[in-house]
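# Structure at a glance
Chain by chain, the residues:
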Amino acid sequence: MFQPKKKRPRIRKTMSGLIALTLLSSLILPNVAGAEPVEPSQVQFANVSVQAGQTVHVPVALKKSYFGVKAYNMQIDYDTSALEIVRITPKSINAIATSPNEDGVADFQYEINSAEGWVRIIWVDFTGGDHSILDETQLFDMEIKAKSNATPGTKQLSVDQTDSEHWHFTNVEHQSYTELSGGTITITAANSGGGNSTPNPGNSSGGGGSVSPTSPVVTPVPSTPAVTKGVDIYVNGQKQEQSATATTSTVNNQVTTTIHVDNDKVINQIGSGLRTLLLPMTGTGKGAVVGELNGKLVKTMEGSNAEVVIQTDSGTYSLPANQIQIDQVLNQFGSTVPMEDITIQIAIEPSAASKQTAIQAAADKLENTTVAAAPVDFEVKAIWNGQQVHVDRFNSYVERSITLPEGVDGSKITTGVVLQPDGSLLHVPTKVIKGNGQDSAIINSLTNSTYALIYHPATFSDVTNHWSRDDVQDLASRLIVQGTGEDVFAPDRSITRAEFTAVLLRGLGLHSPISTEARSFTDVKTGSWYEDEVQTAVSYGLISGYADDSFRPNSEISRAEALTIVSRAMKLVGLAQADASETTSLLSGYSDSTKVQAWAAEPVASAIKQELVQGADGKLMTEADISRAQSAAIVKRLLQKAGLI
C-alpha cells in the first residue's frame, strides 16, 4: 500500500494541480477488500431556498459510510444563468481550503469555473490514515448566490457520477459505491418575502446556526425623553471605565435601557486576549435591557473565542461571539457593507402581556402545573441601513438564566418551558442554581425564544418501588416523558423507535427542524403524531432510517439502535465519544461484547465511556429491546453529563 510522507506536500494551485490530486486520490488508498459494501455510502446536498440577489449556504454531508473515507473528488455543475458559486469552505477534520491562486497545504482544494458553470472539489488524507471522514459529518459548505436577474423556479446542482474524474470516493477497505441526493435550489422573487436562507450549520452533527432574511426596522417613538449616562463594563473581569453609555427611555409603558459599547476603545484594550465582555445593568427592575456592539467588535471577539454577557435584574444572557455568525449576517446585508456599520443588539426583556396570557392558558391545560416566574424574551438581531436580521438558531447550546422572583423557592421549579406557535408548552433543558437571596434557573437552548418557568410535579403508582422512580418522575415533571394511563407509566414495557426519538428530542429541547429540507420515509405517514419528530431528528442528524427508505416507527427499538441515536446526540451536546482505540477495551469488560455488531460498537462504547449505561450481570444485551424506564434513565444521564440539567 502507498505510504504517504508525514509532511504534507504542497501542490501548485492550478487546474493541472487539481487533476494531479484527483489521480492521487484514486491511488493513495487502493482496493484492499475489493468487495462492495452491502449498502452504498450516501452523500447529501441540502435542498435550499433563496431570494434572487441573495446568497445561501448549501451544506454537503457524508450521511452514511461503512468505512472511513480517505479521499474524494467531485465536480458539481450548475446553471450560470441563475447561480454563482461564491466560495467553498471545508468543514471536516479542520482541513485547510485552498483555491487555485492561494498558497496553503493542499489536503483540500477547489476550483470554481464561473464561465462554464462548475466547481471541482478534491480532498485527500495525507496523514497516513489518521483522519478518515466518518458518516454524519459535513464535508464542506458551498456559498451560492442567486443572480439578481434569476427567474423564480428551481435549479439543480448536478454531478456526473458515471465519470470517476467527476465523482470518486475511496475508503479504507475499498473504492466505494457512493450515492448522491439533494441539491435542489428554489429561487424566489427578490423582496417577495418568500426566500429563506438555509443556515450554514457548521457541522451536520450539530444544531446549525441560522440568521433570518432581512426585514425593515420599526423604531417606536419614546413616550419620555431619553436619559443617557456613563456605565462601567468589564473585560476579562477588569472594570473598563468610560467604555460605554446607557440610554433609558419608555415606549408603550415599557422601560428600555440600551448599553452602547465604545467598540473601538474596547478593541484597543483587549488586543487578542479577550475572553469575556460583561455588560452589567442592574437597578432596572422589570425593564428591558439591550446591549449594543458593532460587527467589527463581534468579529474581533469571534477570533478570540470570547463571549458577551448581558447581566440584568431579570436574568443573564451569555452568548459566545461565534454564535452570532457575523459573516452570515454580513452576507444578508451585502458582503461590501463595513463590519463597523452593522449594529448587533442582544436583548433581555419581559414578555408582552399577550404571551404571558398564552403561557398561563397553556399551563392551565396541564394538570398540576403552576407558572412560577413571568416569561422572558431573549433576542439577538443585527441592524444596518434600516434593515434587520434576526439570529434565531445556534450551532451549540447557549446559556441564559432567569432570576426567580423574591420569595420563590428554586425547589418549586421543575423546568423551563418554551411557548410553541400552537399554544403548547415544551421543555427546554433547565437547572436551578441556589443564590444569595434569590435563586436562578439556567436554561440552555439552541434557539432564541420566550421562556417561562413552571412547577409540574409528577408521580406514577407503578414506579413507586421501581429502580427507575427518580429518573421517570424527574423527566415527567419536565414534560419529557408521559404516562400510558392515569397514574401509570409502564416502566418495563418496550418502547418504539418513534417513541424513543420523541423522548430524546424533548429532553434535548429540539422542537422543530433546523431547515425546510425533509426526508421522506415510506412508512412515516403525513399527519401521524410522530411525523414532526422524525423530520426534526433527521434534520439534526440523529436518525437516518433504513436502506429501504423506511423508518419503522412502530417497531420496538433495540438497545444498540437506541445507543446509536444517543451517540449522535452526544456530538450535539459536546460529550466526547469513544475512539477506535478505546472501543475494544470498553466493550471487553462485558461477557457478551462479541455480540455487539460492528455498526454499533463505537456508539455503545461511547455510552459506556460517558456512564450512560452500565449493563446488567456483566452483559450489555445490545440486541434486547430497550424499556421505557431504561430510555428515561439514559436520556436523563445524557442531559446530566452534558450539564444541561
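Everything in this summary refers to the structure shown in the same document.

Of regular secondary structure, the protein possesses twelve helices and 30 strands. Looking at the protein residue by residue over its 645 residues, the buried ones come to 53%. In the protein, the proportion of contacts linking residues at least 24 apart, taken out of those at least 6 apart, comes to 76%. Surface summary for the protein: the accessible area is close to 27,700 Å², and the carbon and sulfur share equals 47%.

What follows is about the nonpolar core. Residues Leu508, Leu510, Leu542 and Leu638 are the most contacted members of the largest nonpolar core, which totals 62 residues. For this core, the elements supplying multiple residues, two or more each, are α6 (469-477), α7 (497-508), α8 (531-539), α9 (559-573), α11 (598-609) and α12 (628-641). Ala306, Tyr317, Ile326 and Val428 belong to the second largest nonpolar core, which has 56 residues in total.

This paragraph deals with the sheet that holds strand β13 (residues 184-188). If you walk across this open sheet you meet the three strands as β2-β13-β10, and the pairing is mixed. Both outer strands of the open sheet, β2 (48-51) and β10 (153-156), are each paired with one neighbouring strand and no more. When the angles between neighbouring strand axes are averaged without regard to direction, this sheet yields 30 degrees. Pairing between β2 and β13: four bridges, direction parallel. Paired with Gln51 across the strands is Thr188, a residue of β13.

Below, the discussion takes up the packing of aromatic side chains. Under the criterion given, the structure shown has nine aromatic pairs. With 5.4 Å between their ring centres and 45 degrees between their planes, Phe460 and Phe489 make a pair best called tilted. In this pair, Phe460 is assigned in the loop between β30 (450-455) and α6 and Phe489 in the loop between α6 and α7, connecting sequence segments 29 residues apart. Taken individually, Phe460 and Phe489 each receive the classification buried, so the pair is uniform in this respect. Cluster of aromatic residues (ring-pair linked, three or more members): Tyr72, Trp123, Trp167 and Phe169. Directly above the aromatic system of Tyr546 lies the positively charged group of Arg552, at a separation of 3.5 Å from the ring centroid.

The subject of this paragraph is the side chain of Thr369. Inspection of the secondary structure assignment puts Thr369 in the loop between α5 (353-365) and β24 (370-384). A distance of 3.0 Å separates a polar side-chain atom of Thr369 from the backbone oxygen of Glu367. Of the polar contacts made by the side chain of Thr369, one reaches the side chain of His456; its length is 2.7 Å. Residues within four places of Thr369 in sequence aside, it is in contact with Ala363, Ile454, Tyr455 and His456.

A few words on the environment of Ala580. Structurally, the position occupied by Ala580 is in helix α10 (residues 580-587). Residue classification places Ala580 among the exposed residues on the basis of a relative accessible area of 56%. Taking the C-alpha atoms as reference points, Ala580 and Ala605, 25 residues apart in sequence, are found 9.4 Å from one another.

Before going further, it helps to spend a moment on the sheet that holds strand β3 (residues 55-64). A sheet is described by the order of its strands in space; here five strands give the open sequence β5-β9-β3-β1-β12, paired in mixed fashion. For this open sheet the edge positions go to β5 (83-90) and β12 (178-182), each flanked by a neighbour on one side alone. In this sheet, adjacent strand axes meet at a mean angle of 20 degrees when their direction is disregarded. Bridging between strand β1 (residues 41-45) and β12 involves five bridges; their strand directions are parallel. Within β12, the residue paired with Ser41 across the bridge is Thr178.

By the secondary structure assignment, Thr536 is in helix α8. For Thr536, the side chain forms a polar contact with the main-chain oxygen of Asp532, separated by 2.9 Å. Sequence-distant contacts of Thr536, defined by excluding residues within four places in its chain, comprise Leu505, Leu510, His511, Ser512 and Pro513.

What follows is about unusual backbone geometry. One non-glycine residue, Asn385, adopts positive backbone phi at about 55 degrees. Among the secondary structure elements, Asn385 is positioned in the loop between β24 and β25 (387-403). On the basis of relative accessible area, Asn385 is assigned to the exposed category, the value being 62%. The phi torsion at Ala490 lies on the positive side, around 60 degrees, for a residue other than glycine.

Along the chain, Ser494 turns up in the loop between α6 and α7. C-alpha separation for the pair Ser494 and Ser627, spaced 133 residues apart in sequence, amounts to 4.3 Å. Filtering out sequence-adjacent residues up to four positions away, Ser494 remains in contact with Glu499, Glu556, Asp625, Ile626, Ser627 and Arg628.

This part is about the environment of Val503. Mapped onto the elements of the fold, Val503 is located in helix α7. Residue Val503 is classed as buried on the basis of its relative accessible area, which comes to 8%. The spacing of Val503 and Gln482 is 21 residues in sequence and 9.1 Å in space, taken between C-alpha atoms. Those residues in contact with Val503 that lie beyond four places of it in its chain are Ile480, Val481, Ile495 and Val635.

Moving on to the pairing of strand β27 (residues 425-428). When a strand is regular, its side chains alternate between the sheet's two faces. Of the pairings in the sheet, the one linking strand β26 (residues 415-419) to β27 comprises four bridges and is antiparallel in character. Note on β27: the bridge partner recorded for Leu419 is Leu425. In textbook terms, the turn of a hairpin is the stretch between consecutive antiparallel strands, and for β26 and β27 this stretch comprises five residues, one of which, Gly423, has a positive phi near 90 degrees.

The grouping of Asp262, Asp264, Glu340 and Asp341 at the surface amounts to a negative patch. Overall, Asp264 belongs to the partly exposed group, its relative accessible area being 44%.

The final tally for this structure, using the stated rule, is 17 salt bridges. Across the pair Asp79 and Lys155 runs a salt bridge whose closest N-O atoms are separated by 2.8 Å. With Asp79 in the loop between β4 (69-77) and β5 and Lys155 in strand β10, the pair connects residues that are 76 residues apart, well separated along the chain. A relative accessible area of 25% means that Lys155 is categorised as partly exposed. One salt bridge connects Asp548 with Arg552, and the closest N-O pair in it is separated by 3.7 Å. The class for Asp548 is partly exposed, based on a relative accessible area of 45%. Overall, Arg552 belongs to the partly exposed group, its relative accessible area being 34%. One continuous salt-bridge network, built from bridges that share partners, spans Asp471, Asp474, Arg478 and Lys636.

So, how was this worked out
Residues numbered from 1 in each chain as written. Predicted model: local features only at pLDDT ≥ 70, side-chain atom pairs only at ≥ 80, totals over all residues. Heavy atoms only, no water. Helix = DSSP H or I, 4+ residues; strand = E, 2+ residues; numbered from the N terminus. Buried < 20%, exposed > 50% of the residue type's maximum accessible area, 1.4 Å probe, protein only. Contact = heavy atoms within 4.5 Å. Areas by Shrake-Rupley, 256 points an atom, 1.4 Å probe, with all protein chains shown as cover. Core = buried A, V, L, I, M, F, W, Y, C linked by side-chain atoms within 4.5 Å. Pairing = 2+ DSSP bridges. Axes fitted to C-alpha atoms, helices over the stretch in contact; angles between N-to-C directions. Phe/Tyr/Trp six-rings, centres within 6.5 Å; stacked < 30°, edge-to-face > 60°. Lys NZ or Arg CZ within 6 Å of the ring centre and 35° of its normal. Polar contact = N/O pair within 3.5 Å; in protein donor to acceptor, adjacent residues only side chain to side chain. Patch = residues over 30% accessible without salt bridge, like charges linked within 9 Å, V, L, I, M, F, W, Y side chains within 5 Å. Salt bridge = Lys/Arg side-chain N within 4 Å of Asp/Glu carboxyl O. Lys, Arg positive; Asp, Glu negative; His and termini not counted. Charge placed at Lys NZ, Arg CZ, Asp CG, Glu CD.

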